[in-house]
Amino acid sequence: MDIRIGDILTMKKPHPCGCRDWQVLRIGADFKLRCCGCGHEVMGARSKFEKNVRQVRRETV
């Protein structure tokens, strides 16, 4: 899966705040993501997050 820093990931399940969109802050074996709704940051295994991604939106610069 081609995911880059700054991409917005839409997940299958929403965060408790109700938002499904997450911004990618760090990539590698682990992902660091920030919730676009409340700003909460989480870090976890790449394989776990990739299974839950529904859509990848790339910010064009």
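Remember, it's a predicted structure, so these values are computed and weren't measured experimentally.

This brings us to the overall build of the protein chain. Looking only at helices and strands, the protein chain has one helix and five strands in total. Counting helices and strands in the order they occur from the N terminus, the protein chain gives β-β-β-β-α-β. Per-residue burial for the protein chain yields a buried fraction of 26% across its 61 residues. Intrachain contacts of the protein chain at a sequence separation of at least 6 include 33% that bridge at least 24 residues. About 4,100 Å² of surface is accessible on the protein chain, with carbon and sulfur atoms providing 49% of the total.

Now for the layout of surface pockets. When its volume is computed, the largest pocket comes out at roughly 180 Å³. Lining the largest pocket are Met11, Lys12, Lys13, Trp22, Leu33, Val42, Lys48, Phe49 and Asn52. If one sorts the elements of the lining of the largest pocket by residue count, helix 1 (residues 46–52) sits on top with three residues. Residue composition of the lining of the largest pocket, grouped by class: five nonpolar, one polar and three charged.

If you walk through the whole model with that rule in mind, you get seven salt bridges. The partner of Glu41 in a salt bridge is Lys32, and the shortest N-O contact between them spans 3.5 Å. Glu41 gets classed as partly exposed once you look at its relative accessible area, which sits at 35%. A residue is classified by how much of its surface remains accessible, and Lys32, at 28% relative accessible area, is partly exposed. Here the salt bridges do not stand alone but share partners, grouping Asp2, Arg4, Asp7 and Arg58 into one network.

Looking now at the pairing of strand 4 (residues 41–45). Note that strand 3 (residues 30–35) and strand 4 share five bridges and pair antiparallel. When the sheet's bridge partners are listed, Phe31 is paired in strand 4 with Gly44. Here strand 3 folds back onto strand 4, and the loop between the two strands holds five residues, one of which, Gly39, carries a positive phi near 90 degrees.

Moving on to the packing of aromatic side chains. Applying the stated criterion across every chain yields a total of one aromatic pair. Judged by centre distance (6.3 Å) and plane angle (15 degrees), the ring pair of Phe31 and Phe49 falls under stacked. Of this pair, Phe31 sits in strand 3 while Phe49 sits in helix 1, placing them 18 residues apart in sequence. An identical accessibility class is assigned to Phe31 and Phe49; each is buried.

The rules behind the values
Residues numbered from 1 in each chain as written. Predicted model: local features only at pLDDT ≥ 70, side-chain atom pairs only at ≥ 80, totals over all residues. Heavy atoms only, no water. Helix = DSSP H or I, 4+ residues; strand = E, 2+ residues; numbered from the N terminus. Buried < 20%, exposed > 50% of the residue type's maximum accessible area, 1.4 Å probe, protein only. Contact = heavy atoms within 4.5 Å. Areas by Shrake-Rupley, 256 points an atom, 1.4 Å probe, with all protein chains shown as cover. 1 Å grid on protein atoms, 1.4 Å probe; cavity = no way out; pocket = protein on both sides within 12 Å on 5 of 7 lines; lining within 4 Å. Points joined across faces, edges and corners; volume = space filled by probe spheres on them. Nonpolar A, V, L, I, M, F, W, Y, C, P; charged D, E, K, R; others polar. Salt bridge = Lys/Arg side-chain N within 4 Å of Asp/Glu carboxyl O. Pairing = 2+ DSSP bridges. Phe/Tyr/Trp six-rings, centres within 6.5 Å; stacked < 30°, edge-to-face > 60°.

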